[in-house]
Amino acid sequence: MANTDRPRGERFRHGPLHEKPRWPEPERARRFAGPGVRNVGNVAFVRTIDWVDGAIELIDQTRLPDECVTLRIETVDELIDAIRRLAVRGAPALGVAGALGVALAAATCADPAEAVARLRAARPTAVNLAWGVDRAAAHLPDLAAVLAEALRIRDDDIAACRSMGEYGADLLAELAPTPVRVMTICNTGGLATVERGTALGVVRTLHERGVLAEAIALETRPLLQGARLTTWELARMGAPHRLVVDAAGPYLLAQGYADAVLIGADRIAANGDTANKIGSYALALGARRAGVPFIVVAPESTVDMATPSGDAIAIEDRGAAEVVAVRGVRLAPPGTEAINPAFDVTPHDLITAIVTDRRVIRLDRGETLTSVPHGERRHKAVS
Ligand SMILES: CSC[C@H]1O[C@H](OP(=O)(O)O)[C@H](O)[C@@H]1O
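A quick note: this is a predicted structure, and the numbers were derived from the prediction, not measured.

## Details of the sheet that holds strand β5 (residues 180-184)
Taken in spatial order, the seven strands of this open sheet run β7-β6-β5-β8-β11-β16-β17, and their pairing is mixed. The outermost strands of the open sheet, each flanked by one partner alone, are β7 (241-244) and β17 (360-361). Bridging between strand β8 (residues 260-263) and strand β11 (residues 294-297) involves three bridges; their strand directions are parallel. When the sheet's bridge partners are listed, I263 is paired in β11 with V296. Sheet contacts for helix α8 (residues 225-237): β5, β6 (212-218) and β7; angle to β7, the most-contacted strand, approximately 175 degrees. Docked against the sheet, helix α10 (residues 280-290) engages β5, β6, β8 and β11, running at close to 145 degrees with respect to β11.

## A word on the sheet that holds strand β15 (residues 343-346)
The sheet built from four strands is open, its strands ordered β12-β9-β10-β15 with mixed pairing. With one partner strand each, in any of the chains shown, β12 (303-304) and β15 form the two edges of the open sheet. Bridging between strand β10 (residues 274-277) and β15 involves four bridges; their strand directions are antiparallel. Note on β15: the bridge partner recorded for K277 is F343.

## Some words on the packing of helix α6 (residues 143-175) against helix α7 (residues 199-209)
Relative to each other, α6 and α7 sit at 70 degrees, their axes nearing to 8 Å. Compared by their axis directions, α6 and α7 come out roughly perpendicular. In the crossing of α6 with α7, the sense of the turn from one axis to the other is right-handed. Facing M164, G165, E166, G168, A169, D170 and L172 of α6, the residues of α7 in contact are G201, V202, T205, L206 and R209.

## Things to note about the packing of aromatic side chains
Any aromatic ring pair is given by two values, namely how distant the centres are and how the planes are angled relative to each other. Following the criterion strictly, the structure yields zero aromatic pairs and no others. The ring of F343 has K277 lying over it, and the distance from NZ or CZ to the ring centre is 4.1 Å.

## Focus: the UniProt feature "site: Transition state stabilizer" (unreviewed entry) in the protein chain
Residues annotated by UniProt as "site: Transition state stabilizer" (unreviewed entry) correspond here to C186. With residues up to four places along the chain from it excluded, the contact list for C186 reads R89, L218, T220, Q225, G226, T230 and K277.

## Some words on the site of the ligand
Inspection of the region around the ligand gives 18 residues, with R89, R123, D266, N276 and K277 positioned closest. Between the ligand and K277 there is a distance of 2.7 Å, counted from an oxygen atom to a side-chain nitrogen or oxygen. Residue assignment for the shell around the ligand shows that the elements contributing at least two residues are α3 (91-108) and β10. Residues that form the shell around the ligand fall into these classes: seven nonpolar, seven polar and four charged. Counting the residues that make up the shell around the ligand, at least three belong to each of domain 1 (49-155) and domain 2 (164-365).

## Digging into the domain arrangement of the protein chain
Each assigned domain of the protein chain is listed with its residue range as follows: domain 1 (49-155) and domain 2 (164-365). Relative placement of domain 1 and domain 2: their C-alpha centres are 24 Å apart. Residue-level contacts link 25 residues of domain 1 with 28 residues of domain 2. Per-residue buried area on domain 1 facing domain 2 is highest for R89, T125 and V127; these three make up 28% of the total on that side. Along the contact surface separating domain 1 from domain 2 lie two salt bridges. Taking the shortest distance from any N to any O, the salt bridge between R123 and E316 comes out at 3.0 Å.

## Concerning α8
Over its 13 residues, α8 extends 17 Å from the first C-alpha to the last, a length consistent with the 18 Å expected when each residue adds 1.5 Å. In terms of residue burial, α8 counts as a mostly covered element, since 11 of its 13 residues are buried. Where the residues of α8 are buried, they touch β5, α7, β6, β7 and β10.

## Observations regarding the UniProt feature "binding site: substrate" (unreviewed entry) in the protein chain
Mapped onto this structure's residue numbering, the UniProt feature "binding site: substrate" (unreviewed entry) falls at R89, G90, A91, R123, Q225, N276 and K277. Assignment of secondary structure puts R123 in the loop between α4 (112-120) and α5 (127-137). Setting aside residues no more than four positions away along its own chain, R123 makes contact with I83, L86, R89, L94, L129, K277, E316, R318 and F343.

Each value, and the rule that gives it
Residues numbered from 1 in each chain as written. Predicted model: local features only at pLDDT ≥ 70, side-chain atom pairs only at ≥ 80, totals over all residues. Heavy atoms only, no water. Pairing = 2+ DSSP bridges. Helix = DSSP H or I, 4+ residues; strand = E, 2+ residues; numbered from the N terminus. Contact = heavy atoms within 4.5 Å. Axes fitted to C-alpha atoms, helices over the stretch in contact; angles between N-to-C directions. Parallel < 35°, antiparallel > 145°, perpendicular 65-115°, else oblique. Left-handed = near helix turned anticlockwise from the far one by under 90°. Phe/Tyr/Trp six-rings, centres within 6.5 Å; stacked < 30°, edge-to-face > 60°. Lys NZ or Arg CZ within 6 Å of the ring centre and 35° of its normal. UniProt positions renumbered as here; feature names shortened; annotations may be inferred. Near = heavy atom within 4 Å. Polar contact = N/O pair within 3.5 Å; in protein donor to acceptor, adjacent residues only side chain to side chain. Nonpolar A, V, L, I, M, F, W, Y, C, P; charged D, E, K, R; others polar. Domains from an automatic or database assignment. Buried area = accessible area lost by both parts, 1.4 Å probe. Salt bridge = Lys/Arg side-chain N within 4 Å of Asp/Glu carboxyl O. Expected span 1.5 Å × (residues − 1). Buried < 20%, exposed > 50% of the residue type's maximum accessible area, 1.4 Å probe, protein only.

See the structure below:
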């Protein structure tokens with residue numbers, strides 16, 4: 001029985017957390033306009049993106065939370081389209097997508113370099129996309145070597161998320177009460193990576209340790225990654241959570257609703273200034289005023305030492321359409337103009353700590369991205 005034939009309630013049975021994460025068996029994809037679409041069966045832990053039978057398969061995040069379907073991506077142009085419309089999104093996931101996209105270019109393009117250049121520019125703010133593309137493209141034109149590098153990046157992301165979860169949960173045990181209430185913005189879970197996530201991966205680890213009191217998720221206008229994706233992931237974890245409108249975030253911090261703020265990152269400049277989803281800066285101001293830790297969680301691949309400070313980070317403006325309408329329903333009068341920065345920059349002096357997969361940088365203690373060496377593990381090794 002196809003997933004869509006199941007009664008709605010059956011579609012997303014929340015399987016036990018301990019169930020081994022696996023990529024659902026690829027059914028023969030039914031052909032729609034564009035890449036094949038198929039429904040993911042009931043699996044407890046879905047993998048966001050992978051290389052399957054010579055192509056990329058990824059969850060189409062524009063369809064969540066109503067349907068969990070995958071796209072089979074067989075060309076670079078299909079991947080660029082998926083990235084631009086946020087069918088695949090989230091900095092680490094974009095890094096893996098970029099690297100796998102180079103394998104597609106090597107396998108299907110007469111001029112791989114031209115296709116790779118367009119792929120690299122599909123979204124400008126997250127450094128991970130260019131980083132993943134460059135890592136894989138260094139092996140062109142050798143398809144096998146490109147693919148091997150891309151799969152290494154995929155596997156490294158899985159390990160990195162586990163490590164960040166441990167480091168972040170350990171840091172919160174030091175900085176915040178137990179059990180802990182955390183606030184987060186956008187989506188930084190398994191959907192933004194290959195599996196577990198960055199900031200929401202810390203929330204998953206807290207929940208698995210039994211020390212999560214509540215996660216408060218900001219809806220994250222205009223594309224509602226928080227309302228659609230983060231709540232979907234938290235519900236599947238069985239984690240206690242509530243959803244709030246973005247503007248409520250700083251006020252709820254002032255009212256004592258959260259003990260810490262955890263966010264992801266799209267690009268971390270050399271001085272620690274951090275680009276992340278629009279609304280992060282307001283949360284940082286609210287956290288500072290409320291005296292709660294503001295923690296960035298991101299893999300080392302998001303650190304961009306070539307960018308000296310936040311002023312130099314290109315902020316993607318996604319145009320008026322996403323602001324004046326929601327899912328095709330117009331909100332504002334026809335012809336209304338809008339400003340739609342998809343990200344903002346939080347200055348390093350508002351950030352308590354940056355947690356990566358290999359270190360914890362305590363900016364609140366004057367540490368910097370250069371003063372804490374890479375590879376220094378202050379915590380137990382994470383398998
Ligand atoms: C761990 S993902 C990092 C980052 O990516 C998201 O942006 P988008 O949904 O536009 O790809 C958001 O800024 C997350 O915090």
